[in-house]
Amino acid sequence: MDSRVSELFGGCCRPGGGPAVGGTLKARGAGGSSGCGGPKGKKKNGRNRGGKANNPPYLPPEAEDGNIEYKLKLVNPSQYRFEHLVTQMKWRLQEGRGEAVYQIGVEDNGLLVGLAEEEMRASLKTLHRMAEKVGADITVLREREVDYDSDTPRKITEVLVRKVPDNQQFLDLRVAVLGNVDSGKSTLLGVLTQGELDNGRGRARLNLFRHLHEIQSGRTSSISFEILGFNSKGEVVNYSDSRTAEEICESSSKMITFIDLAGHHKYLHTTIFGLTSYCPDCALLLVSANTGIAGTTREHLGLALALKVPFFIVVSKVDLCAKTTVERTVRQLERVLKQPGCHKVPMLVTSEDDAVTAAQQFAQSPNVTPIFTLSSVSGESLDLLKVFLNILPPLTNSKEQEELMQQLTEFQVDEIYTVPEVGTVVGGTLSSGICREGDQLVVGPTDDGCFLELRVCSIQRNRSACRVLRAGQAATLALGDFDRALLRKGMVMVSPEMNPTICSVFEAEIVLLFHATTFRRGFQVTVHVGNVRQTAVVEKIHAKDKLRTGEKAVVRFRFLKHPEYLKVGAKLLFREGVTKGIGHVTDVQAISAGEAQANMGF
C-alpha cells in the first residue's frame, strides 16, 4: 500500500505532487473488454483485410480465464460443434459465477471484423439455442457498426448471458455506500429500491431509516441494508412492483445488496466497521455536485483505498447546480483520483454505451474508476447507473470462492437480535466453508476465552429462507434458545474441528497514515480486523522508538478488554482521533482460556 494514501487522511487537498496517471478514460468502440476463455484449441490468426489505409480496430486479445468470449460467427454449426460451443458457454458462466459476455463478430486476437445482417441474425439465433441448452437467458447489450475494409454494413454485437447457478437462489453483489453527510446516500438508495423519484426534501429515504432520531435529523447513524434486483433479461425488480423482499428475491436472478453507511464523522467507527466486517465487493462513493469533495468524502475515499475495496463515484444533486458547477466538481474528482496516493484512471459515464464499457473495465482493472452524474429528483442519468449495476460482474474469482468453500466453516458475527417465536438470531458473513441448517458449531471467544457449542436452526438471506450458505455470502442464522447475553459483535462461529485459537497479544506490520505528532509505545488505538473492533495498546515498536506519518514498522498490540480470534494475514486498520493507520497481522500469540482469564483479570 502506497504510504502516500496518507494525503487522503490529512484533511488537506494537495493537488499535484507527482506525475498523474493517465487522463480521463474514454469509452472505447466496442466495450473495451479483455476476453476470457475456456477449454479451447489453438487461436486463429487475425486476418489482414487490407484495402483501406485506416488501421483496423482491435480489442485486447481474448484471455483463457474469465467470462468474456469472442466469436467471429456462429452460423449453422454442426452437432459436434454445437455441443462444443455449449460446453464452452458452461465454462464461461462458471468463470463469471453465472454471467458471461459474448462479443459476436470479433476474432480471438481481438480484431473487430463484424458480420453482415443475415450472418449476425443467424449467429444470435445459434447463441439463443446455446443459452436454452444450459438454461440461461441472453440480452443484447449493444450493437456497433464496423466500417473499415468493407462496402457493406458490418456489425459487432455484445450479448449478456445470465444463468443462476444450480446451487444458488440468485447472483449476489454487495455494494457499500460511502460519502459525506447530506450528500444524498440514503435518498439515492430509496429512489433505486422504491422505484419513485425523490420530492427534493428527502421523502425517498424515510423507509431506509432504522431509528427515530435518524428520521428527525435526516442523517444515517447505523448500518442498513437495501436490495435491488434484476431479472434474467436485465429488467429492474424493486418495491415498485413487488410488495416484499421475498417477492424481489423470487423474481430476481441478480441481487445488488446496498450497505448504507453513515456519512457524519461522529459515526466514522460505524462506517469503518461496515467496510471491514461486511466484506463488500465494491463501494459507491457519493459526492454532492454543489459541495464537491467536502467533509468525510476524502476520508471515505482513503478508507476504500486502504482496504483495497474497488469503488466508483456518483455525483449527485446535479439538478441543484449549473452545468459549470457539475463540471468543476468532476474535474476536482479527476485531480484527486490521479494523485500518486490514488493511481486511478477516472472514466466519465455519459451514455448507455459508456455504462456498459465502464462495468467491464471496472471489473478487469482496479485502476479504472467510473464517474456518474445524476439526480434523485429529476431522474437524470439514473438509468445509466442501473445499466452499470446490471452488467457489473462478480469481482471475485470463481476459483478463489471454490477454494474458500473447501475450507472449514467460519462465520463472522456482526449483528445480534432477539426475534419473537424464533429466539436468538445473529447476522454476518460466512468467511469460509459451507453452513447448513442443523450444523453443530462453536461460537467465541467469550470474555473468559471459551468457545460454546450451538446449533444452527435456520438460515435467511436477503429476508428469504435459505438451506445452504456458501463462502462469501451474508445471512442471518437462527440459534433457537441460545442465550443472547453470551454473544457479542466480533465473535466467530466455526467448525469444532478447527480447534480455534485466541489471542490477547498480536503483531502487525503497519503504515502510519496520519498522526499529528509521534506514535509511541503506550499509545491506545481502536483496532479493526474484520468484524473485530476493540481498543488495544501499543506494547512495542520493533527497531524504532517512535513513528511519524508515512513510516512503516512492525508493532506489537495488546487488547485491553477481552481476547479475540485473529488470523495471520488479516487486514488491519486502527484509529484514534485524527490518528489512522493500516497494515496486516503478522503474528498472533495464542493463549488458552485459563491464560485469557489471568491476562484480563478474571
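This section reports on the structure supplied with the text. Because the structure is predicted, anything quoted here is derived from the model rather than measured.

## A few points about the sheet that holds strand β13 (residues 410–419)
At step 1: Taking strand neighbours across the sheet as the criterion, the eight strands line up as β17-β16-β22-β13-β14-β21-β18-β19 in an open arrangement whose pairing is antiparallel. The outermost strands of the open sheet, each flanked by one partner alone, are β17 (452–455) and β19 (464–466). Each adjacent strand pair in this sheet contributes to an overall mean axis angle of 40 degrees, direction not counted.
At step 2: The pairing of β13 with strand β22 (residues 492–494) spans three bridges and is antiparallel. Counterpart to F411 in the pairing with β22 is M493.

## Concerning the packing of aromatic side chains
At step 1: Tallied over the entire structure, the rule returns twelve aromatic pairs.
At step 2: With 6.2 Å between their ring centres and 90 degrees between their planes, F273 and Y278 make a pair best called edge-to-face.
At step 3: Note on F362 and F388: the rings are 5.9 Å apart at their centroids and 55 degrees apart in plane angle, and the pair reads as tilted. Taken together, the residues F362 in helix α9 (residues 352–364) and F388 in helix α10 (residues 382–391) connect sequence positions 26 residues apart. Of the two residues, F362 and F388, neither departs from the other in class, the shared state being buried.
At step 4: Of the aromatic side chains, those joined through ring pairs into one cluster are F506, F519, F523, F557, F559 and F574.
At step 5: Of note, R129 hangs over the ring of F82, and the distance from its end group to the ring centre comes to 4.3 Å.
At step 6: Against the face of F273 rests R533, its NZ or CZ located 4.8 Å from the ring centre.

## Focus on the nonpolar core
At step 1: In terms of nonpolar packing, the biggest core is built from 44 residues, with L188, F258, F312, V314, L385, F388 and L389 touching the most fellow members.
At step 2: In terms of residues, this core owes the most to one element, α10, which gives seven residues.
At step 3: Both domain 1 (68–163) and domain 2 (171–395) contribute no fewer than three residues apiece to this core.
At step 4: With residues near it in sequence (within four places) discarded, L389 still touches L228, F230, K254, I256, F258 and F312.

## Brief notes about unusual backbone geometry
At step 1: Here G444 and P445 are connected by a cis peptide whose omega angle stands at -5 degrees.
At step 2: You can see P445 is positioned in the loop between β16 (440–444) and β17.
At step 3: A positive phi angle is found at E421, which is not glycine, with a value near 65 degrees.
At step 4: Checked against the element boundaries, E421 lands in the loop between β13 and β14 (423–432).
At step 5: A residue is classified by how much of its surface remains accessible, and E421, at 87% relative accessible area, is exposed.

## Comments concerning the environment of V134
At step 1: Take V134: it is sitting in helix α2 (residues 117–134).
At step 2: On the basis of relative accessibility, which here comes to 10%, the residue V134 falls in the buried class.
At step 3: Remark: the alpha-carbon pair of V134 and V86, spanning 48 residues in sequence, is separated by 7.2 Å.
At step 4: If near-sequence neighbours (up to four positions away) are discounted, V134 is found in contact with V86, M89, K90, L93 and K163.

## Comments concerning the packing of helix α6 (residues 268–277) against helix α7 (residues 297–306)
At step 1: For the pair α6 and α7, the least separation of the axes is 11 Å and the interaxial angle reads 25 degrees. Relative to α7, the element α6 lies roughly parallel. Seen from above, α6 lies across α7 with right-handed handedness. Here α6 contributes L268, T271, I272 and L275 to the contact with α7, which in turn contributes E299, H300 and L303.

Cut-offs used in this document
- Residues numbered from 1 in each chain as written.
- Predicted model: local features only at pLDDT ≥ 70, side-chain atom pairs only at ≥ 80, totals over all residues.
- Heavy atoms only, no water.
- Pairing = 2+ DSSP bridges.
- Helix = DSSP H or I, 4+ residues; strand = E, 2+ residues; numbered from the N terminus.
- Axes fitted to C-alpha atoms, helices over the stretch in contact; angles between N-to-C directions.
- Phe/Tyr/Trp six-rings, centres within 6.5 Å; stacked < 30°, edge-to-face > 60°.
- Buried < 20%, exposed > 50% of the residue type's maximum accessible area, 1.4 Å probe, protein only.
- Lys NZ or Arg CZ within 6 Å of the ring centre and 35° of its normal.
- Core = buried A, V, L, I, M, F, W, Y, C linked by side-chain atoms within 4.5 Å.
- Domains from an automatic or database assignment.
- Contact = heavy atoms within 4.5 Å.
- Parallel < 35°, antiparallel > 145°, perpendicular 65-115°, else oblique.
- Left-handed = near helix turned anticlockwise from the far one by under 90°.

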